[in-house]
Amino acid sequence: MSSHQQVQKFLDKLDELQAIFVLSRRFAPFLDELFDFVQDITVLLEEVNTTIRTRSGHMERATEHLKSVTEATEVATSEILDHSDEVLKDLRSIEDQLSTLEDQFAEEAEADNQILTLLRDELGEEHDELVDEVARIQDEKQDLRDEWAGQLQETRDSLSPIRDRMNQIMMSLQMQDITEQQLSSVNHLIGTVRNRIDALLTRLGTGEADREEAPSAEPSRTATFNMNAEYDRSGDKQRMADDLMAGNEGGAPAGRENGGGPGGTSSQPAAPNGASANGGGAASQSDIDQMFDGGGGDSPDGGNEGGEAASQEEIDELFQ
Amino acid sequence: MKFLIVDDSPTMLRIIRNALQKIGYDDIVEAEDGEDALGKLEDADPDFVVTDWNMPNMNGVDLTANIRDHPEYADVPILMITTRGMKEDVKTAMKAQVNNYIVKPFEPEVLEEKVDSCLEAVA
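Residues numbered from 1 in each chain as written. Chains lettered and ligands numbered in written order. Predicted model: local features only at pLDDT ≥ 70, side-chain atom pairs only at ≥ 80, totals over all residues.

1. A closer look at the overall build of chain B
Helix and strand counts for chain B stand at five helices and five strands. When the elements of chain B are put in sequence order from the N terminus, they spell out β-α-β-α-β-α-β-α-β-α. Relative to all contacts within chain B whose residues are 6 or more apart in sequence, the contacts with residues 24 or more apart total 59%. (Helix = DSSP H or I, 4+ residues; strand = E, 2+ residues; numbered from the N terminus. Contact = placed C-beta atoms within 7 Å.)

Shown next, in the form of structure tokens:
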């Protein structure tokens, strides 16, 4: 390279340097603003980070609260069942006493008849007037017994609806099992959110949230619940299940008998360990197998919650 | 007629027991999950099994499959009572060879109808 070329190259570099200086001057205010913004956003991010860690701790407390609610409802339900059992036992005792009284009335009437027959046989015609008087008194006694028997029957009739209502109360307590499953599913969701937050905080290099141990994103081995559990007394699902059982593969539309819609939710993948998932999360091999198996596979964890609600008729048809 | 009822919810065990007693079945053994039920199977020697689906350790579908593989109890009627009311659930239960299926919450009349239906089917 000649000296001229070298000088020219040097001048070109100077031009480039000058251009950079000009550009820097032009963008300097913007860079200042950008720097200020980064400083502000850093403070903000730290606040967000602190809030997330704090909230994650709150989630753990919420989980504990939900567990407490579940335990409390279980205890309360058990107490209601105890009281219901006692009431039903008392009702049976009252009915037994009524039966005993009715038996006693019948025995007394039979004894009166025997006395009257004996008097007629033993006393002869000269005491007809006395026997007739005894018969009249016994008729009055029988009228009284009939009246009491009627009252006993009324009492018995009034006990029947009480027993039916008590049984209905006991059956209504199925809601405890259903709400327990609903609360378990909420707890599972909270656990999943906490795990996601942990992962986020770890990626941000700020460590884990303020808690001791993170629940698995997957339900635990004992976390067996149906996320779609609901206290639906319409009977739509039972009818659909009956139809399926009766062999109607397509199943009748849920709610066709009472105008209601399907009681369930849309198709979801299965969650491990018997917990039915309500969407989200990676599919396990069993989920995939089930999908390829037409949705009715023999899942070891029993968890395909997808599809439409089954009515009892559909279930019956499948099983016939 | 001896019943083995399987549910991890003590509440449901009592409700099912009461409902069965109401329709005249008093000989009842309880188990808290599928594993417990399998362990009690031979001692309980049930004529009828009523099981939940979602349970820890072993769910109702697996329990059904295990009972169907059992040389002595393969033909025992199995009624599933569960909150799972989707078509795919019912189909899965059918594949596991339950005899009938009830969606919670249920009425005692439905339980009686299904028990009778199961007994007729295996008679």
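2. Brief notes about unusual backbone geometry
Residue and element names in this part refer to chain B. Of note, the amide linkage connecting Lys 104 to Pro 105 takes the cis form, showing an omega dihedral of -5 degrees. Assignment of secondary structure puts Pro 105 in the loop between strand S5 (100-103) and helix H5 (108-122). Phi is positive for Asp 45, which is not a glycine, with a value near 50 degrees. The class of Asp 45 is partly exposed, set by 13 C-beta atoms lying within 10 Å. (Buried ≥ 20, exposed ≤ 12 C-beta atoms within 10 Å, placed from the backbone.)

3. Considerations on the packing of helix H1 (residues 3-123) of chain A against helix H1 (residues 10-22) of chain B
Relative to each other, H1(A) and H1(B) sit at 20 degrees, their axes nearing to 10 Å. When the interaxial angle is binned, H1(A) and H1(B) end up roughly parallel. For the element pair H1(A) and H1(B), the recorded crossing hand is left-handed. Here H1(A) contributes Glu74(A), Thr77(A), Ser78(A) and Leu81(A) to the contact with H1(B), which in turn contributes Pro10(B), Thr11(B) and Arg14(B). Of the residues that constitute the contact of H1(A) with H1(B), the class distribution is two nonpolar, three polar and two charged. (Axes fitted to C-alpha atoms, helices over the stretch in contact; angles between N-to-C directions. Parallel < 35°, antiparallel > 145°, perpendicular 65-115°, else oblique. Left-handed = near helix turned anticlockwise from the far one by under 90°. Nonpolar A, V, L, I, M, F, W, Y, C, P; charged D, E, K, R; others polar.)

4. A look at the sheet that holds strand S3 (residues 48-51) of chain B
Residue and element names in this part refer to chain B. In space, the five strands of this open sheet follow the order S2-S1-S3-S4-S5, with parallel pairing throughout. Two strands bound the open sheet, and with one partner strand each, they are strand S2 (27-31) and S5. Direction aside, neighbouring strands of the sheet carry axes that sit 20 degrees apart on average. Bridge analysis of strand S4 (residues 78-82) against S5 gives four bridges, and the strand direction is parallel. Counterpart to Met 80 in the pairing with S5 is Tyr 101. Packing against the sheet, H5 makes contact with S3, S4 and S5, and its axis sits at approximately 170 degrees to S5. (Pairing = 2+ DSSP bridges.)

5. Side note on the nonpolar core
The biggest cluster of nonpolar side chains holds 47 residues, and the ones touching the most others in it are Ile16(B), Val50(B) and Leu79(B). Not counting the four nearest positions on each side in its chain, Leu79(B) is found in contact with Val50(B), Val98(B), Asn99(B), Asn100(B), Ile102(B), Lys114(B), Val115(B) and Cys118(B). (Core = buried A, V, L, I, M, F, W, Y, C linked by C-beta atoms within 7 Å.)

6. Structural notes on the confidence of the model for chain B
When the pLDDT values of chain B are averaged, the result is 95; 100% of them are 70 or greater. For this predicted complex, the interface confidence comes out at an ipTM of 0.84, alongside a pTM of 0.67. (pLDDT = per-residue confidence, 0-100.)

7. Some thoughts on the packing of H1(A) against helix H2 (residues 128-172) of chain A
All names here are of chain A. Orientation of H1 relative to H2, taken along the N-to-C sense of each, is 165 degrees, at an axis distance of 10 Å. When the axis of H1 is compared with that of H2, the two are roughly antiparallel. When the axes of H1 and H2 are compared, the crossing they make is left-handed. Looking at the contact of H1 with H2 residue by residue, the classes come out as 24 nonpolar, four polar and nine charged.

8. Details of the confidence of the model for chain A
Residues and elements named next belong to chain A. Scored by pLDDT, chain A comes out at a mean of 75, with 71% of its residues at no less than 70. Least confident of the elements in chain A is helix H5 (residues 285-292), whose mean pLDDT is 36; most confident is H2, at 93. Note that pLDDT drops below 50 for residues 214-223; the model gives that stretch 22 contacts with residues more than four away or on any other chain. In the model, residues 251-306 has pLDDT below 50 throughout and makes 152 contacts with residues more than four positions away in sequence or in other chains.

9. With respect to the environment of Tyr73(B)
All names here are of chain B. Along the chain, Tyr 73 turns up in the loop between helix H3 (60-69) and S4. The spacing of Tyr 73 and Phe 48 is 25 residues in sequence and 9.6 Å in space, taken between C-alpha atoms. Beyond its immediate stretch of four places on either side in the chain, Tyr 73 contacts Leu 41 and Ile 67.

10. Quick look at the pairing of S5(B)
On S5(B), burial covers both faces: Asn100(B) and Ile102(B) on one face and Tyr101(B) and Val103(B) on the other are all buried. For the handedness criterion, the β-α-β arrangement of S4(B), helix H4 (residues 87-95) of chain B and S5(B) is classed as right-handed. (Right-handed = clockwise from strand over helix to strand, strands pointing away.)

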